[in-house]
Amino acid sequence: MVQKIIYDWATGKIYPHFQFVFSFKFRDLNTINCRINLRKLILDQYPYFGNILGELWKNPEGLLFIFDGLDEFKDTIDFANNQRNTEPQFMCIDPEFRCEVSDIVYSLIQHKLLPGCSVLVTSRPTALHLLEKAEISVWAEILGFVGDERKKYFNKFFEDQTVAAAVFKHVEENEILYTMCYNPSYCWILALSLGPFFTQRDRKQQQVPKTITQLYSYYIYNILKNHGREIENPRDVLLKLGEMAYTGVSKKKIVFRNEDLIEYNLQPSQFLSGFLMELLERDDSAQSVVYTFPHLTIQEFVAALTQFLNPDPGEIGKVHSEEDGQFEIFLRFVAGLSSPQSARPLEEFLGPFHLQTTCQVIDWVKEKVEEQIGNTETETGKRKLLNTFHYLFESQNKTLAQNTVGSMERLSFSGLRLTLIDCAVLSHVIGLCDTIKHLDLQQCYIHYEGLQRLGPVLHKCQGLSLSGNDLTDSCAKDLASALSTSRSLIDLNLGHNELGDSGVKRLSVALRNPDCKIQTL
């Protein structure tokens, strides 16, 4: 996206008021281990600016600085820390003044360095909380593919349109997988992993992946099937690769160098290239090769897989005590790999997973759910409970789910913005409950698509609050269906939505249904 912005600016399509655009990747800034000034930072990457930088400082309004990938930055920039505004060692108000890279970024964003210039910061959602107190005037969320664009991707990916239609139909019918399709990288993983199910006759249809862990298991399975025979011991190589991947997850590192491969005793090979992409990186005068996983989630999956291949699972308990968002997806994969459906295809090439680890993970998920289930007073508590529901879903362990959430009576996520995948997971969990006395989803911004995911289980609720969810007249059909089929719903709150006249008319018909038990609306 950043490359496209720079290209469109350079070809005159956008931002004519900027004379210069300077783009930096946080992953490159991680290699700077000394105090530096903005002049040196620019000249290291744009040496041809030589002596004219002094002129640029005179007109900051004509400058745009882009900092790409805040979630990959090794330093934390605390915008709520007032010391940065009062203590001289943190203050960076001159482009010639030497300070830490984090201070330069902070000062540019807060308009203390070159006031009048513009700054664009990109990040994955995991690091957005760092920017909450920053002086930011415009926020934009990149939504990826919408509507038919998802289908178009699969039609272009597969030459055989019958296969494209079959794969897309399976994706469309699976809420979790379909929701992932907003992201082109996920579409690529979906197409690669699901394609063989609809082109090879020997595969049984019922084994087609349903969870994200199962999907990634088949992604790795296909690499092992095509390249596993090229090396003597695939289990050993994946164990080492996973240890490197896990270190990367722990240290927010997604780019690896030759010295990392040497440290983990890995040799570049055709087999390894199925997991790691080689990139050429310009480094001063020379070019060097660096390695990265095709997507961060693949790195997290391989890191999780290692926990089941390692004869000493002691590391798991240590990871599980961590309370940091950077381990969320990794832990979902750990929970998911305790499921036989996810483990089976990989065990075919890697040998059996350690039973001790699987049992330990199941106990850990049980403990997490029981610990969080009554703790939804704070936003952090709600977020943690939602994560444990993701663990439950990925584990596909029905007995475990019914033992932990089956008798749950009250559930509140009010004020927490829920994604479509969150809604699908929540729907799965509520589906395993007996009856929910009260489900509170006030101001969760679930919109029409989120309501569609939750629709099939709303009949289990006695009290339901959906106020402040941007629900419009298009949501009335799903709401009316829930009202007509529910013999338990007696209390419904739909305030602060935009249902409109047509939506209310549709609801009125459902409310007149003799089976409708609503007492308070």
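Please refer to the structure higher up on the page.
The model shown is predicted, which means the values in this text are computed figures rather than measured ones. (Residues numbered from 1 in each chain as written. Predicted model: local features only at pLDDT ≥ 70, side-chain atom pairs only at ≥ 80, totals over all residues. Heavy atoms only, no water.)

(A) Quick peek at the overall build of the protein chain. In terms of helices and strands, the protein chain carries 24 helices and nine strands. In terms of principal-axis extent, the alpha carbons of the protein chain reach across some 80 × 60 × 45 Å. The proportion of buried residues among the 521 residues of the protein chain is 48%. Long-range contacts, defined here as pairs at least 24 residues apart, represent 73% of the contacts in the protein chain between residues at least 6 apart. Roughly 25,900 Å² of accessible area belongs to the protein chain as shown, and the carbon and sulfur atoms make up 50% of that amount. (Helix = DSSP H or I, 4+ residues; strand = E, 2+ residues; numbered from the N terminus. Buried < 20%, exposed > 50% of the residue type's maximum accessible area, 1.4 Å probe, protein only. Contact = heavy atoms within 4.5 Å. Areas by Shrake-Rupley, 256 points an atom, 1.4 Å probe, with all protein chains shown as cover.)

(B) How the structure looks around the environment of S481. Tracing the sequence through the fold places S481 in helix α23 (residues 476–485). Under the relative-accessibility criterion, S481 is labelled partly exposed at 41%. In the structure, S481 is positioned 423 residues away from K58 in sequence and 64 Å away in space, judged by C-alpha atoms.

(C) Inspection of the nonpolar core at higher detail. Core analysis: the largest hydrophobic core is formed by 119 residues, its most contacted members being F154, Y216, L238, L241, F389 and F413. A total of nine residues in this core trace back to one element, the largest contributor, which is helix α11 (residues 212–227). Among residues more than four places away in sequence, those in contact with Y216 are M180, Y186, I189, T297, I298, F301 and F333. (Core = buried A, V, L, I, M, F, W, Y, C linked by side-chain atoms within 4.5 Å.)

(D) Seen up close, the sheet that holds strand β6 (residues 410–412). Spatially, the four strands line up as an open sheet ordered β6-β7-β8-β9, and their pairing is parallel. With partners counted over all chains shown, the strands left at the sheet margins are β6 and β9 (491–493), one partner each. On average, each strand axis in the sheet is inclined to that of its neighbour by 10°, with strand direction left out of account. Pairing analysis gives four bridges linking strand β7 (residues 436–440) to strand β8 (residues 461–465), with the strands arranged parallel. Counted as the bridge partner of D440 is S465 from β8. (Pairing = 2+ DSSP bridges. Axes fitted to C-alpha atoms, helices over the stretch in contact; angles between N-to-C directions.)

(E) Fine view of the pattern of salt bridges. For the coordinates displayed, the defined rule picks out 15 salt bridges. A salt bridge links D8 to K4; the nearest nitrogen and oxygen atoms lie 3.0 Å apart. Note that D8 and K4 are positioned in helix α1 (residues 2–10) at a spacing of four residues, about one turn of the helix. The exposure class assigned to K4 is exposed, which follows from its relative accessible area of 53%. With its nearest N and O atoms 2.7 Å apart, the salt bridge here joins K40 to D44. Taken together, the residues span about one helical turn, with K40 and D44 both in helix α3 (residues 38–45) at a distance of four residues. Of the residues examined, K40 reaches a relative accessible area of 37% and is grouped as partly exposed. Of the residues examined, D44 reaches a relative accessible area of 40% and is grouped as partly exposed. Here the salt bridges do not stand alone but share partners, grouping R27, D71, E72 and R124 into one network. (Salt bridge = Lys/Arg side-chain N within 4 Å of Asp/Glu carboxyl O.)

Function cannot be inferred from these measures alone, as they are strictly geometric.
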